[in-house]
Amino acid sequence: MEEGQKAVKLHGMWGSYFSKKVELALKIKGIPYEYVEEDLTNKSKLLLRYNPVHKKVPVLVHNENPLQSRSLS
C-alpha cells in the first residue's frame, strides 16, 4: 500500500458468511485491504485484542483500531 493510504485489515474465516459479506463490500468499494484468516478453535491474540467481548469474526481494523458495528436492536 502507498504511504498515503489507510491500512485496512479484515480478520475472518473461510466459512463465515458474515466475513464474506464484508470482503465483498470492500471489493465493490475498491478499498484495498489485507485479509487475515482466523482459526476459531485457536484464536489469535490480535482477534482477542480487537474483539475482546464476543471473540468472533469478522473484525474490520483500520489503522490498528477495530471498527465497531452498531446494534440495530
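The rules behind each value
Residues numbered from 1 in each chain as written. Predicted model: local features only at pLDDT ≥ 70, side-chain atom pairs only at ≥ 80, totals over all residues. Heavy atoms only, no water. Core = buried A, V, L, I, M, F, W, Y, C linked by side-chain atoms within 4.5 Å. Buried < 20%, exposed > 50% of the residue type's maximum accessible area, 1.4 Å probe, protein only. Contact = heavy atoms within 4.5 Å. Pairing = 2+ DSSP bridges. Helix = DSSP H or I, 4+ residues; strand = E, 2+ residues; numbered from the N terminus. Right-handed = clockwise from strand over helix to strand, strands pointing away.

Going by what an unreviewed UniProt entry lists, the protein is known as Glutathione S-transferase and is assigned to Macleaya cordata.

A separate point is the nonpolar core. Generally speaking, a soluble globular protein has its nonpolar side chains buried in company with each other. Within the largest apolar cluster, 5 residues are counted, these being Leu47, Tyr50, Val57, Val59 and Val61. What leucine 47 contacts, discounting residues up to four positions off in sequence, is Glu38, Leu40, Lys55, Lys56, Val57 and Val59.

Before going further, it helps to examine the sheet that holds strand S1 (residues 8-12). Reading across the sheet, the 4 strands line up as S2-S1-S3-S4 and stay open at both edges, with mixed pairing between neighbours. Across the chains shown, the open sheet's two edge strands, defined by having one partner strand only, are strand S2 (34-37) and strand S4 (65-66).

Within S1, 4 of the 5 residues are buried, which leaves the element mostly enclosed by the surrounding structure. Relative to strand S3 (residues 59-62), S1 is paired through 4 bridges, and the arrangement is antiparallel. By the bridge assignment for S3, lysine 9 is matched with valine 61. As judged from the 4 bridges shared by S1 and S2, these two strands associate in the parallel manner. Across the sheet, residue glycine 12 finds its bridge partner in S2, namely glutamate 37. Handedness of the crossover joining S1 and S2 through helix H1 (residues 17-29) is recorded here as right-handed.

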